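Fold and geometry: a report
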Amino acid sequence: MLSLRDVHVHIGKLHILQGVNLEVRPGESAALLGRNGVGKTTTLRAIMGLVSKTGGTIQFDGLNLSNYPAHEIAGKGIGYVPQGRGIFPGLSVLENLNIGVKGKRDRDREDYVFACFPRLKERLHQPGNTLSGGEQQMLALGRALMMQPKLLVLDEPTLGLAPVILGLLSKAIERLRKEHSLTLLLAEQNVTFALPHSDRVYVLDHGRITWHGDPARFAEEMSTGYL
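First, a word on scope: everything that follows refers to the structure included in this document. (Residues numbered from 1 in each chain as written. Predicted model: local features only at pLDDT ≥ 70, side-chain atom pairs only at ≥ 80, totals over all residues. Heavy atoms only, no water.)

1. A short note on the packing of helix H4 (residues 107–116) against helix H7 (residues 163–180)
Closest axis-to-axis distance for the H4/H7 pair is 9 Å, and the angle between their directions is 130°. Regarding the angle of H4 to H7, the classification is oblique. Judged by residue contacts, Tyr112, Ala115 and Cys116 of H4 engage Ala172, Arg175, Leu176 and His180 from H7. Here the residues of the contact of H4 with H7 are counted per class, giving 5 nonpolar, 1 polar and 1 charged. (Axes fitted to C-alpha atoms, helices over the stretch in contact; angles between N-to-C directions. Helix = DSSP H or I, 4+ residues; strand = E, 2+ residues; numbered from the N terminus. Parallel < 35°, antiparallel > 145°, perpendicular 65-115°, else oblique. Contact = heavy atoms within 4.5 Å. Nonpolar A, V, L, I, M, F, W, Y, C, P; charged D, E, K, R; others polar.)

2. Concerning the layout of surface pockets
What the largest pocket holds in volume is close to 330 Å³. Surrounding the largest pocket, 16 residues form its lining, Met48, Ala74, Tyr80, Arg143 and Met147 being those nearest its centre. Mapped by element, the contributors of at least two residues to the lining of the largest pocket are helix H2 (70–75), strand E6 (78–81) and helix H6 (133–145). Split by residue class, the lining of the largest pocket holds 12 nonpolar, 3 polar and 1 charged. (1 Å grid on protein atoms, 1.4 Å probe; cavity = no way out; pocket = protein on both sides within 12 Å on 5 of 7 lines; lining within 4 Å. Points joined across faces, edges and corners; volume = space filled by probe spheres on them.)

3. Focus: the packing of H6 against H7
At a minimum axis distance of 10 Å, the contact between H6 and H7 shows a crossing angle of 15°. By the angle between their axes, H6 is roughly parallel relative to H7. Between H6 and H7 lies a crossing of right-handed hand. When H6 is examined against H7, the residues Gly134, Met138, Leu141 and Leu145 are found in contact with a partner set consisting of Ile165, Leu168, Leu169 and Leu176. Of the residues contributing to the contact of H6 with H7, the split by class is 7 nonpolar, 1 polar and no charged. (Left-handed = near helix turned anticlockwise from the far one by under 90°.)

4. Considering the sheet that holds strand E8 (residues 183–188)
Pairing within the open sheet is mixed, and its 6 strands lie in the order E6-E7-E8-E3-E9-E10. Two strands close off the open sheet at either side, each with one partner strand: E6 and strand E10 (208–213). Each adjacent strand pair in this sheet contributes to an overall mean axis angle of 15°, direction not counted. Both strand E3 (residues 29–33) and E8 contribute to a ladder of 5 bridges, which runs parallel. Bridge pairing in E8 links Ala31 to Leu186. Contacting E3, E6, strand E7 (151–155), E8 and strand E9 (200–205), helix H1 (residues 40–47) crosses the sheet at an angle of about 145° to E8. (Pairing = 2+ DSSP bridges.)

5. So, H4
All of the buried residues along H4 are Glu110, Tyr112, Val113, Phe114 and Cys116. One side-chain oxygen of the residue at the start of H4 lies 3.2 Å from the amide nitrogen of Asp108, identifying that residue as Asp106. (Buried < 20%, exposed > 50% of the residue type's maximum accessible area, 1.4 Å probe, protein only. Polar contact = N/O pair within 3.5 Å; in protein donor to acceptor, adjacent residues only side chain to side chain.)

6. Describing the packing of aromatic side chains
Following the criterion strictly, the structure yields 1 aromatic pair and no others. Look at Trp211 and Phe218: their rings are 5.7 Å apart centre to centre, the planes differ by 75°, and that puts the pair in the edge-to-face class. Given the relative accessible area of 0%, Phe218 is considered buried. (Phe/Tyr/Trp six-rings, centres within 6.5 Å; stacked < 30°, edge-to-face > 60°.)

7. Remarks on empty space enclosed by the protein
One pass over the structure, following the stated rule, counts 1 cavity of 30 Å³ or more. For the largest cavity, the calculated volume is near 30 Å³. Phe117, Gly134, Gln137, Met138, Leu161, Ile165, Leu168 and Leu169 are the residues that line the largest cavity. Within the residue set of the lining of the largest cavity, elements represented by two or more residues are H6 and H7. Grouping the constituent residues of the lining of the largest cavity by class yields 6 nonpolar, 2 polar and no charged.

8. Focus: the side chain of Ser198
Relative to the elements of secondary structure, Ser198 occurs in the loop between helix H8 (191–194) and E9. Classification of Ser198 by relative accessible area gives buried; the value is 8%. Apart from the residues lying within four places of it in its own chain, the contact partners of Ser198 are Ser29, Ala31, Arg177 and Pro215.

See below:
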């Protein structure tokens, strides 16, 4: 479904991504692991057309994404949850959700989101900036799900969340994968959270993929040194 081949990104004089190769198959969940500053966010932003690559190809569902601007890439079926959540603080939960469907209410899609995150239904008319950090992350995920994406791309969704919220997030991701066969690309430094949700693991270091394989192999070969 998603394929990156020899992708390079320069920002100013910095060579951030240096020949990244990865793929995500339909119905699969892939984890992109790495510490802060190694290029995880840049990789996701390159997929979404938010930074310009200087080499390589990115294909999604048979389309060369180089041919499309960011807003059209989102419309092709990729839901993106950026680091920092990116909600609209002055808009209500309901208004934030429906931005994902161009402001028009879609109750079937709302019910789909509320089944995953019941707490959002309880806070439907609260402004986004009155929610807790965990609730804001649920809202950011819910807004992406309102688009009914083929691929969901998550950038550090666990950052700053309390353990109890991590548990809720984990259950929601499992539900989405089991009941809706959602394809997932998860950029994380929290290995403990990422591995149970992954069919395939990539390790990014200084702009390069330095290891890839399945989670069991990662646990055997990489986890002690990585942690």
